[in-house]
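Descriptive structure summary
Spelled out, the chains give:
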Amino acid sequence: YTRGTVTAFSPFDARADAEALRKAMKGMGTDEETILKILTSRNNAQRQEIAAAFKTLFGRDLVDDLKSELTGKFETLMVSLMRPTYIFDAHVLKHAIKGAGTNEKVLTEILASRTPEEVRNIKQVYLQEYEANLEDKITGETSGYFQRLLVVLLQANRDPDGQVDEGLVEQDAQILFRAGELKWGTDEEKFITILGTRSVSHLRRVFDKYMTISGFQIEETIDRETSGDLEKLLLAVVKCIRSVPAYFAETLYHSMKGAGTDDDTLIRVMVSRSEVDLLDIRQEFRKNFAKSLHQMIQKDTSGDYRKALLLLCGGDDE
């Protein structure tokens, strides 16, 4: 992953950073500027070293201190940046399926966009950290075809990319066409199996072929033939097959457009993609929404929260 906006800071001195953070939070008043500058310009591995140095030097927990000194969305953002990368998705999912009401939007976003390798890692970490089986937790809170597609994605058995067989492409496109456009009531199972297990390069060709056969983009068919959580998940899977950065650009755009901001989504995407593909997301954003991600964050947020998000964004695309 070299398409992130946040990379390892050099020269890095974990003790010096720990001391600067302690000073920023000690005594009356908090120096938020110092905190946000340090935490947005160090990568996650370095932030973990800072937390370790902080504990060694002061016998205090950096995250606890941040929680007691900061408030609101800014606090949520800083604490999210401190969460170890490998645990981030597992933690997000844990909170999406606990207590009253499941956050289907979060399940959809994570499971549609992560690579099979990442999904395997999430399941393993979930088991280690929470002593629970992620698949059991998710099946307990979901139902119907939405549940089935989530389970397929959780298997993380998507075919690896390789030679694309044009005959199979034609066959899959025909199956989807018959299951969607030609049939009263969609044959959801076919959509789930094909979209959940075929390789990315194969599916990109299937979508082209589908367009040729039916005269519709596959998204249009899904939109017409399905509804609710299943529709949203199918669309997310299709969009991520086409382009993960474009999917996240759209996710960020919708988190800010119109009245009110979906800050949970904004924070989750900015933090989780900052070391992965945020440069590509910015590019797609500019291309698809006639304004830059930087401009939209600038317009939609305020205060230290805005400053930190803009630093994570890492530049404007005029």
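These numbers were taken from a predicted model, which means no experiment stands behind them.

What counts, and at which threshold
Residues numbered from 1 in each chain as written. Predicted model: local features only at pLDDT ≥ 70, side-chain atom pairs only at ≥ 80, totals over all residues. Heavy atoms only, no water. Helix = DSSP H or I, 4+ residues; strand = E, 2+ residues; numbered from the N terminus. Rg over C-alpha atoms; globule rule 2.2 N^0.38 Å. Buried < 20%, exposed > 50% of the residue type's maximum accessible area, 1.4 Å probe, protein only. Contact = heavy atoms within 4.5 Å. Domains from an automatic or database assignment. Expected span 1.5 Å × (residues − 1). Polar contact = N/O pair within 3.5 Å; in protein donor to acceptor, adjacent residues only side chain to side chain. Core = buried A, V, L, I, M, F, W, Y, C linked by side-chain atoms within 4.5 Å. Axes fitted to C-alpha atoms, helices over the stretch in contact; angles between N-to-C directions. Left-handed = near helix turned anticlockwise from the far one by under 90°. Nonpolar A, V, L, I, M, F, W, Y, C, P; charged D, E, K, R; others polar. Disulfide = S-S within 2.5 Å.

What follows is about the overall build of the protein. Check the secondary structure of the protein and you find 20 helices and 0 strands. Computed over C-alpha atoms, the radius of gyration of the protein comes to 21 Å, within 12% of the 20 Å expected from 2.2 N^0.38 for 318 residues, which places it in the range of a compact globule. Structurally, the protein occupies a C-alpha span of about 70 × 45 × 40 Å along its principal axes. Per-residue burial for the protein yields a buried fraction of 47% across its 318 residues. For the protein, contacts bridging at least 24 residues in sequence account for 72% of all contacts bridging at least 6.

Let us look at the domain arrangement of the protein. What the domain assignment lists for the protein is domain 1 (14-82), domain 2 (87-155), domain 3 (166-242) and domain 4 (244-313). The gap between the C-alpha centroids of domain 3 and domain 4 is 28 Å.

Here helix α11 (residues 166-179) contains 14 residues, and its C-alpha end-to-end distance of 20 Å stays within 8% of the 20 Å for a straight helix at 1.5 Å per residue. All of the buried residues in α11 are Val169, Asp172, Ala173, Ile175, Leu176, Phe177 and Ala179. Contacts from the buried residues of α11 go to α12 (188-197), α13 (200-214) and α14 (218-225). The distance from a side-chain oxygen at the start of α11 to the backbone nitrogen of glycine 167 is 2.8 Å, and the residue carrying that oxygen is aspartate 165.

Judged by nonpolar contacts, the single largest core of 96 residues is most densely connected at Met78 and Met270. For this core, the element with the most residues is helix α15 (residues 228-242), which contributes 9 residues. When near neighbours in sequence (up to four residues on either side) are disregarded, methionine 78 contacts Ile35, Leu36, Leu39, Leu70 and Ala308.

Before going further, it helps to examine the packing of helix α2 (residues 32-41) against helix α5 (residues 72-82). Look at α2 against α5: their axes get within 10 Å of each other, and the N-to-C directions meet at 35°. Classified by chirality, the crossing of α5 by α2 is left-handed. Residues Glu32, Ile35, Leu36, Leu39 and Thr40 of α2 pack against Phe74, Met78, Leu81 and Met82 of α5. Considered class by class, the residues forming the contact of α2 with α5 number 7 nonpolar, 1 polar and 1 charged.

With respect to the helices, strands and loops of the structure, glutamate 104 is situated in helix α7 (residues 104-113). If we ignore the near neighbours within four places in the chain, the residues touching glutamate 104 are Phe146 and Asp229.

Looking now at the state of the cysteines. Any covalent bond linking the sulfur atoms of two cysteines counts as a disulfide. Evaluated as defined, the whole model comprises 0 disulfides. For the unlinked cysteine cysteine 240, the closest cysteine sulfur is that of cysteine 313, found at 20 Å. Residue classification places cysteine 240 among the buried residues on the basis of a relative accessible area of 8%. A relative accessible area of 0% means that cysteine 313 is categorised as buried.

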